[in-house]
Amino acid sequence: MTSEEQIARLEELAYFQETLLTKLNEALTGQQKQLDLLEKRLNRMEEHLQELLDASDQQAPVNTLPPHYMPERY
């Protein structure tokens, strides 16, 4: 293999590696955007769940016997 062939081969390899790195970078960037979106959605869901839990604590029913329960009958 001549030195010109070796240089051509190395240039081919460099081109394909650069193309692959570009594709990998695009895929990673897309995944990071998706991850950021999911984190925002999860935070909103956690806030909403906490609001629901707080609201349910405030409206918790008092533990009393139902009106039809008569302990003297049992």
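Before going into details, it helps to say that this report is about the structure given with it. (Residues numbered from 1 in each chain as written. Predicted model: local features only at pLDDT ≥ 70, side-chain atom pairs only at ≥ 80, totals over all residues. Heavy atoms only, no water.)

## Focus on the overall build of the chain
Then, number 1: Looking only at helices and strands, one finds one helix and zero strands in the chain.
Then, number 2: Here the chain has a C-alpha radius of gyration of 33 Å; the compact-globule value for 74 residues is 11 Å, and the former is much larger.
Then, number 3: Seen through its principal axes, the chain has C-alpha atoms that stretch 105 × 25 × 10 Å.
Then, number 4: Counting the 74 residues in the chain, one finds 0% classified as buried.
Then, number 5: With an accessible surface of roughly 7,600 Å², the chain has 57% of that area assigned to carbon and sulfur atoms.
Then, number 6: Computed over 7 positive and 14 negative side-chain charges, the separation of the two mean positions in the chain equals 8 Å. (Helix = DSSP H or I, 4+ residues; strand = E, 2+ residues; numbered from the N terminus. Rg over C-alpha atoms; globule rule 2.2 N^0.38 Å. Buried < 20%, exposed > 50% of the residue type's maximum accessible area, 1.4 Å probe, protein only. Areas by Shrake-Rupley, 256 points an atom, 1.4 Å probe, with all protein chains shown as cover. Lys, Arg positive; Asp, Glu negative; His and termini not counted. Charge placed at Lys NZ, Arg CZ, Asp CG, Glu CD.)

## Details of the packing of aromatic side chains
Then, number 1: Under the counting rule described, the total for this entry stands at one aromatic pair.
Then, number 2: Centroid distance Tyr15 to Phe16: 5.3 Å. Interplanar angle 70 degrees. Geometry classified as edge-to-face.
Then, number 3: On the accessibility criterion, Phe16 (54% relative accessible area) is exposed. (Phe/Tyr/Trp six-rings, centres within 6.5 Å; stacked < 30°, edge-to-face > 60°.)

## Points about the pattern of salt bridges
Then, number 1: A complete count under the given rule lists one salt bridge for this structure.
Then, number 2: In this structure, the salt-bridge partner of Glu12 is Arg9, at a minimum N-O distance of 3.7 Å. Of the two residues, Glu12 and Arg9 both sit in helix H1 (residues 3-58), three residues apart, roughly one turn of that helix.
Then, number 3: By relative accessible area, Arg9 is classed as partly exposed at 44%. (Salt bridge = Lys/Arg side-chain N within 4 Å of Asp/Glu carboxyl O.)

## Observations concerning a negative patch on the surface
Then, number 1: Together, Glu46, Glu47, Glu51, Asp54 and Asp57 make up a region of like negative charge exposed at the surface.
Then, number 2: Relative to the helices and strands, Glu51 resides in helix H1. (Patch = residues over 30% accessible without salt bridge, like charges linked within 9 Å, V, L, I, M, F, W, Y side chains within 5 Å.)

## Here's the deal with a nonpolar patch on the surface
Then, number 1: Taken together, the side chains of Leu20, Leu21 and Leu24 present a nonpolar region at the surface, about 310 Å² in accessible area.
Then, number 2: With respect to the helices and strands, the residue Leu24 is situated in helix H1.

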